[in-house]
Amino acid sequence: MSVFNSKIPEGPLAQKWTNYKDHQKLVNPSNKRKLDVIIVGTGLAGASAAASLGEMGFNVKNFTIQDSPRRAHSIAAQGGINAAKNYPNDGDSVYRLFYDTIKGGDYRAREANVYRLAEVSNSIIDQCVAQGVPFAREYGGLLDNRSFGGAQVSRTFYARGQTGQQLLLGAYQALMRQVNAGSVKMYTRNELVEIVLVEGKARGIITRDLVTGKLERHFGHAVVLATGGYGNTFFLSTNAMGSNGSAAVKAFHKGAMFANPCMAQIHPTCIPVHGEFQSKLTLMSESLRNDGRIWVPAKKEDAEAIRAGKLKPTQIAEEDRDYYLERRYPAFGNLVPRDVASRAAKERCDAGYGVGTGLAVYLDFKSAIDRLGKDVIEARYGNLFQMYEKIVDDNPYETPMMIYPAIHYTMGGIWVDYELQTNIPGLFAAGEANFSDHGANRLGASALMQGLADGYFVLPYTIQNYLADDIRTPRMTTEEKEFVEAEKAVKDRFEKLLSIQGQRSVDSIHKELGLVMWDFVGMGRNAEGLKKAVKRIAEIKKEFWTNVRIPGNKEGMNVELEKASRLADFIEIGALMARDALDREESCGGHFREEYQTGEGEALRQDDKFAYVSCWEYKGEDAEPALHKEELVYEFVEMLQRNYK
Amino acid sequence: MEKTINLTLKVWRQNGPKEKGRFETYQVSNISTDSSFLEMMDILNEQLVGENKEPIAFDHDCREGICGMCSLYINGRPHGPDEDITTCQLHMRKFKDGETVTIEPWRAAAFPIIKDLIVDRTAFDKIIAAGGYVSVNTGGVPDANAIPIARPAAEEAMDAAACIGCGACVAACKNSSAMLFVSAKVSQLALLPQGKVEAKRRAKAMVSKMDELGFGGCTNTGACEVECPKSISIAHISRLNREYLKSRLSE
């Protein structure tokens, strides 16, 4: 039995969301003005929620660590956004998008949540077009679509290779319109450092002004965390430098469950690591797999010659190339889901067929250029090709790109129910910050869909169901003891960090954590390695708290202090990821336990034992967290072995 | 192929908005030419932390040229000596061994310095808030395919919409004008039927906010277009002028 109520509405799958909306509580316009909603984060989920709630008349306070809401990392999403419009008439439907997402997630997401996501997907496209998002169009003036991994239909809407940018700017502009109207107050360069509970309910936050260093208290009738994922636990990832998991950890410490922490996505097409000074990894959009073919040399001696610089990829004859995705997965070919493509690349490289440093495979556009012409390829992917050339100093129109998997997205996150509410009343989580819709693996072009679904079309409804009971709660003053105590705890923590005055920089410890994560909690995991990781992370934690060096003080801007505070939380998340991965004795989606695979090396689930969401509860600084299970009950779909062959 | 270089860096340091700034000189050695400019800055900062000195504050985030956060003025050019990229995409292979590199913040009255190389660009948000949007609420909008848009118009709108709001145009302009930034948004939305409805109002509101915030006027030097990392064309400034004129004439 689940200890938490996921609040799935009654009725047939396709009726649940309608039933919910028909019967939920609403807040009348004159009461909305009296209710304060804090939204942390200004990415797709945060900005769209803040704009929508502002338009509805709530009094919104929106926070971001960046200098402008437009900088949130949603901006970097390249390929596109899925919707079940079926404009290409190729057999798509809401059900098929739902089914592909459930299957892509390896049957570890909730049916009702995913169905709702598919259901609202079409409204998102309508909304974005109305905002002036310049999606790609056909000559007839109608919208164009392309294909993404894990689907046999073309349902991905896109704006060149900058879809995330255009969707975020649409949401940002809607948000700035509300700032202008006075319904949203924007706090930039402000970081959440604590969540304040009053009588068990989320009632506010403590923030640190990153310019002045001052701590500030903010009251809200409800608090929404739209703070993104925790991929930077690995130090090297495709996330932005500032992306962090600290808000999730603050929620965890206050009693919110952390769900499926081990479920992280390794994206197959990133520019490979090339040196120890490297600060981040750059993604090459999945959309490239529409036209690019992935291969390694079929002969080991060719791979060795390439690594030694004696052969060029263009010198390898067609019959000496191993297009291993097309070979292993003829039905989906280069468009298998990300987890499958990543593992297949690792398998070839581990077997000695890798190119470059040995940890890279080719993504080749030659046959697409021959078929369609260079101009067409340039129009589709020009900005990505340019980005690749600037970084690698090699022309991908002539030589194939080199790619390798990298950490990209975290499916796990703060546990939420159907209403996107955590187990703490009044605390909500949206977008990548929550765990809800992608199960064990997210399909390409579904992160943008989920972020905007949560912000535009889910939270504006569900948060009212909570706030309707709060219309008689007057605004609290932040002089209440809960606020004073929370601020004091934060102040003590920062002072403790600054007092360590050890020998090591924040980054050097973070890199050490990242290597442990990549080696033992990365693409291939096993019990022995995970136990080692738990032990190593505990050592790193000790090293951090006794030997980190943070120059400067807590007044004014102090970037090292910001980084240190976030790293303390990453260390905690890393430990949680390892522990969760150890508990889950099965392979599913992005979580691959080497002990559990089919004869052909595919992920082998154990549905009889692990068809649950793992929910971790914080038990104190030195105690082990407790595991609770939310059973996943599938009423409408049969759990099958995923097959992309 | 990888090689390493040594550089002398002259970096602008300034403790706060009202403090007096100065150049400080640093040496970095064995920098791989495959590393990015900001990775070189990371290495320098690691060095400074090792010496128990405060690292240099600079803005950066996505490190893939899209968030618009990075903003350095390198050897007299916004985003440094390469074409069509941001500072984070600039790589050390563009520099020679032994070279002296001067690194400064954006300099413009409307972008006050916060610390070292970090400036305050909230003026751009204020300009967008004044009218850089289509006034639609969430929900109740027509089907996405209800209004066909000619592909050339959609493509040109996308060219303008590619602006990342970094502020290089302002930093490059001798008048510190924000016309390229403003025109990109006005142009994008004026080109689309969804945005055309309030095009005149938008142009007027955004231009008057820009003037109010202390940006200079445009004298058509074209420096902004040259330094724009996203190759936004000054043709958009002409469209802005037309939209603005229309709004004044209809008063």
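Residues numbered from 1 in each chain as written. Chains lettered and ligands numbered in written order. Predicted model: local features only at pLDDT ≥ 70, side-chain atom pairs only at ≥ 80, totals over all residues. Heavy atoms only, no water.

(A) Quick look at the interface of chain A and chain B. The interface of chain A with chain B comprises 74 residues on the first partner and 78 residues on the second. Approximately 6,400 Å² of surface area, both sides summed, lies buried where chain A meets chain B, with 52% of it carried by carbon and sulfur atoms. The interface formed by chain A and chain B holds eight salt bridges in total. When the shortest N-O distance is used, the salt bridge between K85(A) and D143(B) registers 3.0 Å. Viewed at the interface, chain B and chain A are joined by 49 residue pairs in polar contact (both at pLDDT 80 or more). Of all the elements in the fold, those that place two or more residues in the side of chain A that touches chain B are α3 (44–56), α5 (111–130), α6 (163–181), α12 (374–392), α13 (447–467) and α15 (506–520) of chain A. Examining the composition of the side of chain A that touches chain B, we find that eight residues originate from one element, α6(A), more than from any other. Split by residue class, the side of chain A that touches chain B holds 29 nonpolar, 28 polar and 17 charged. (Contact = heavy atoms within 4.5 Å. Buried area = accessible area lost by both parts, 1.4 Å probe. Salt bridge = Lys/Arg side-chain N within 4 Å of Asp/Glu carboxyl O. Polar contact = N/O pair within 3.5 Å; in protein donor to acceptor, adjacent residues only side chain to side chain. Helix = DSSP H or I, 4+ residues; strand = E, 2+ residues; numbered from the N terminus. Nonpolar A, V, L, I, M, F, W, Y, C, P; charged D, E, K, R; others polar.)

(B) Summary view of helix α1 (residues 37–50) of chain B. Residues and elements named next belong to chain B. Counted at 1.5 Å a residue, the expected span for α1 with its 14 residues is 20 Å, and the 20 Å between its end C-alpha atoms agrees. For α1, a buried count of 10 out of 14 residues is recorded, marking the element as mostly surrounded by other parts of the structure. Every buried residue of α1 is accounted for by F37, L38, E39, M40, M41, D42, L44, N45, L48 and V49. Following α1 by one or two positions, N52 has its phi on the positive side, about 60 degrees. (Expected span 1.5 Å × (residues − 1). Buried < 20%, exposed > 50% of the residue type's maximum accessible area, 1.4 Å probe, protein only.)

(C) Region of the structure containing the sheet that holds strand β1 (residues 4–13) of chain B. Residue and element names in this part refer to chain B. Ordered by their spatial adjacency, five strands build an open sheet running β2-β1-β5-β3-β4, and the pairing between neighbours is mixed. Strands at the two margins of the open sheet, each flanked by one partner only, are β2 (22–32) and β4 (77–78). The sheet contact formed by β1 and strand β5 (residues 100–104) spans four bridges and is parallel. Following the sheet pairing, L9 is matched in β5 by V101. (Pairing = 2+ DSSP bridges.)

(D) Up close: the nonpolar core. Counting residues in each nonpolar core, the largest one holds 256 residues, and the members touching the most others are I81(A), F135(A), L225(A), F37(B) and F215(B). In this structure F37(B) touches L72(B), I74(B), T87(B), L90(B), H91(B), M92(B), F95(B), V101(B) and I103(B), once residues within four positions along its chain are discounted. Core analysis: the next-biggest nonpolar cluster, separate from the first, contains seven residues, I316(A), Y323(A), A360(A) and Y362(A) among them. (Core = buried A, V, L, I, M, F, W, Y, C linked by side-chain atoms within 4.5 Å.)

(E) Up close: the packing of aromatic side chains. All names here are of chain A. As enumerated under the stated definition, the model contains 31 aromatic pairs over all chains in all. With a centroid separation of 4.5 Å and an interplanar angle of 10 degrees, the aromatic rings of F63 and Y187 are classed as stacked. In this pair, F63 is assigned in strand β2 (residues 59–63) and Y187 in strand β5 (residues 184–187), connecting sequence segments 124 residues apart. The class for Y187 is buried, based on a relative accessible area of 15%. Linked through ring pairs, W17, Y20, Y418 and Y461 together constitute an aromatic cluster. Positioned above the aromatic ring of Y397 is the side chain of K374, whose terminal nitrogen or guanidinium carbon lies 4.6 Å from the ring centre. (Phe/Tyr/Trp six-rings, centres within 6.5 Å; stacked < 30°, edge-to-face > 60°. Lys NZ or Arg CZ within 6 Å of the ring centre and 35° of its normal.)

(F) Broad picture of the domain arrangement of chain A. All names here are of chain A. Entries for chain A in the domain assignment read domain 1 (267–406) and domain 2 (481–623). On a C-alpha basis, the centroid separation for the pair domain 1 and domain 2 is 31 Å. The interface is formed by 11 residues belonging to domain 1 together with 11 residues belonging to domain 2. Of all residues in domain 1, D339, R343 and K346 give up the largest surface area on contact with domain 2, accounting jointly for 53% of the area buried on that side. The tally of links from domain 1 across to domain 2 stands at one salt bridge. Its salt-bridge partner being E602, residue R328 comes within 3.2 Å of it at the nearest N-O pair. If you look at where domain 1 meets domain 2, you find five residue pairs in polar contact (both at pLDDT 80 or more). Listing elements by their share of the side of domain 1 that touches domain 2, those giving two or more residues are α10 (338–350) and β15 (401–410). (Domains from an automatic or database assignment.)

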